[in-house]
Amino acid sequence: MRNLIISAALVAASLFGMAAQANAEESKAPYVELTNPVPVAVPGKIEVVELFWYGCPHCYAFEPVINPWVEKLPSDVNFVRIPAMFGGPWDAHGQMFLTLEAMGVEHQVHAAVFNAIQKEGKKLTKKEDMAEFLATQGVDKDKFLATFDSFAIQGQIKKARELAKKYEITGVPTMIVNGKYRFDIGSAGGANEALQLADKLIAKERAATKAAAN
């Protein structure tokens, strides 16, 4: 009888250990599924968001990896960059990005701004300094300054902050797929792995959409 009790205890302990291991593996999932999904910007398309900061060296290192990937995204995927705004230079750089985006020139100077801050040591935290630098890149100085302080940009700043809060981000670069799944380079295991994970989640969302339509 004693042996049976011991055997039962060992089996129970073994099962408990297996369950604990399974839970540990689940906790190591490379992404977090948001409790409250965030609506996408373009209904009907799978959205991929990258939250970044021009002053972040990891974001800068991610650029040569993510840009070619973005260029090859299929037509049913909408890629969006959102500046993370945690105060100080984060806010200044975020406002600069949103201003350039509103002017329709962000894609033309994005790499130059990153290089200026990351390689040339420019701070670009004052709008006058931003305007002077951007003028060397072909951006209209007066139009930039007028847009920078506009009511429309203030609205975009508010929206960017609200989205970052809803995504529950704590650092950058962070990616969000379809307003549901959040992950970063560290949790994914590397830059290339992060994009592979994004591809898997895109495929997952595409399959879910097709299943719902049938």
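- As annotated in an unreviewed UniProt entry, the protein carries the name Thiol:disulfide interchange protein and comes from Pseudomonas canavaninivorans.
- Within the UniProt record for the protein, the comment given under Sequence similarities (unreviewed entry) is "Belongs to the thioredoxin family."
- Its UniProt record gives the protein a comment under Subcellular location (unreviewed entry), which states: "Periplasm".

## As for the side chain of Thr-99
So, step 1. Relative to the assigned elements, Thr-99 resides in helix H3 (residues 89-103).
So, step 2. Within the local environment of Thr-99, its side chain forms a polar contact with the backbone oxygen of Gln-95, the two atoms lying 2.7 Å apart.
So, step 3. Among residues more than four places away in sequence, those in contact with Thr-99 are Phe-144, Thr-147, Phe-148 and Ile-153.

## Some words on the sheet that holds strand E3 (residues 77-83)
So, step 1. With mixed pairing, the 5 strands of this open sheet are ordered in space as E1-E5-E4-E2-E3. At either margin of the open sheet sits one strand with a lone partner, and together these are strand E1 (32-33) and E3.
So, step 2. In this sheet, E3 lies alongside strand E2 (residues 46-52) in parallel orientation, the contact comprising 7 bridges. Looking across to E3, one finds that Glu-47 is bridged to Asn-78.
So, step 3. Set on the sheet, helix H2 (residues 57-71) makes contact with E2, E3 and strand E4 (174-177); between it and E3 the angle comes to about 160°.

Analysis parameters
Residues numbered from 1 in each chain as written. Predicted model: local features only at pLDDT ≥ 70, side-chain atom pairs only at ≥ 80, totals over all residues. Heavy atoms only, no water. UniProt positions renumbered as here; feature names shortened; annotations may be inferred. Helix = DSSP H or I, 4+ residues; strand = E, 2+ residues; numbered from the N terminus. Polar contact = N/O pair within 3.5 Å; in protein donor to acceptor, adjacent residues only side chain to side chain. Contact = heavy atoms within 4.5 Å. Pairing = 2+ DSSP bridges. Axes fitted to C-alpha atoms, helices over the stretch in contact; angles between N-to-C directions.

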